[in-house]
Amino acid sequence: MRLLEVVELTAEEAEALRLRNIKDLEQKEAADQMNTSQSTFQRILSSAYKKITEAIIDGKAIKIIKK
């Protein structure tokens, strides 16, 4: 794993993925739980999906960072 390139996922992006894909919350519910607007939640989720996809397709490690 040390030799892999790393894609950094923010804790916020990880939480958005968890709420949407594991908790199966709708966008409005998930945005409310994250105390953000639906449009901001969607931007966070889109960013997370892009990073996860890059890691899977390009064989990179995923690191969750805390800001």
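Here, every reference points to the structure presented above.
Let me sum up the structure you'll find in this document. (Residues numbered from 1 in each chain as written. Predicted model: local features only at pLDDT ≥ 70, side-chain atom pairs only at ≥ 80, totals over all residues. Heavy atoms only, no water.)

## Structural notes on the environment of G59
Stated precisely, the cut-off is as follows: Think of it this way: any DSSP run of H or I at least four residues long counts as a helix, any run of E at least two long counts as a strand, and we number them from the N terminus. A 1.4 Å probe rolled over the protein chains alone gives each residue an accessible area, and that area as a share of the maximum for its type sets the label: buried under 20%, exposed over 50%, partly exposed in between.
With respect to the element layout, G59 can be found in the loop between helix 3 (38-58) and strand 2 (61-65). For G59, a relative accessible area of 41% puts it in the partly exposed group. G59 sits 24 residues away from N35 along the chain, and the two C-alpha atoms are 33 Å apart.

## Some words on helix 3
Short version of the rule: Here a helix's expected span is defined as the number of its residues, less one, multiplied by 1.5 Å. As used here, the arc is the angular range of directions from the helix axis to the C-beta atoms.
Here helix 3 spans 30 Å end to end across 21 residues, near enough to the 30 Å set by a 1.5 Å rise per residue. Considered for burial, the residues of helix 3 that qualify are F41, I44, L45, A48 and A55. Down the axis of helix 3, the buried set is contained in an arc of 95°. They therefore lie on one face. Turned more than 90 degrees off the buried face of helix 3, the exposed positions are R43, K50 and I57.

## Overview of the nonpolar core
The nonpolar side chains of a soluble globular protein tend to be buried, and buried together. Threshold: Residues belong to a common nonpolar core when they are buried Ala, Val, Leu, Ile, Met, Phe, Trp, Tyr or Cys residues joined through side-chain atoms within 4.5 Å. Residues count as neighbours in contact if any of their non-hydrogen atoms are within 4.5 Å of one another.
Membership of the largest hydrophobic core is limited to 12 residues, which are L9, A16, L17, L19, L25, A30, A31, M34, F41, I44, L45 and A48. Looking at this core element by element, the count peaks at 4 residues for helix 3. Every residue in contact with L17, bar those within four places of it in the chain, is listed here: L9, I22, L45, A48, Y49 and I52.

## Points about the environment of L19
On the secondary structure map, L19 appears in helix 1 (residues 11-22). A sequence separation of 28 residues divides L19 from S47, and the C-alpha atoms of the two residues are 15 Å apart. Excluding residues that lie within four positions of it along the chain, L19 makes contacts with D24, L25, A30, Q33 and M34.

## Thoughts on helix 1
Over its 12 residues, helix 1 runs 15 Å from end to end, which matches the ideal 16 Å to within 8%, given 1.5 Å per residue. Of the residues flanking the end of helix 1, it is D24, one or two places downstream, whose phi is positive at about 55°.

## A short note on the pattern of salt bridges
The test is simple: A side-chain nitrogen of Lys or Arg and a carboxyl oxygen of Asp or Glu constitute a salt bridge if their distance falls within 4 Å.
Summed over the entire model, instances satisfying the criterion amount to 5 salt bridges. A salt bridge links K51 to E13; its shortest N-O distance comes to 3.0 Å. Here K51, found in helix 3, pairs with E13, found in helix 1; they are 38 residues apart in sequence, far enough to count as distant. What makes K51 partly exposed here is its relative accessible area of 22%. With a closest N to O distance of 2.8 Å, E15 and R18 form a salt bridge. Taken together, the residues span about one helical turn, with E15 and R18 both in helix 1 at a distance of 3 residues. Owing to a relative accessible area of 31%, R18 belongs among the partly exposed residues under this scheme. Among the charged side chains, a salt-bridge network with shared partners connects E5, E54 and K60.

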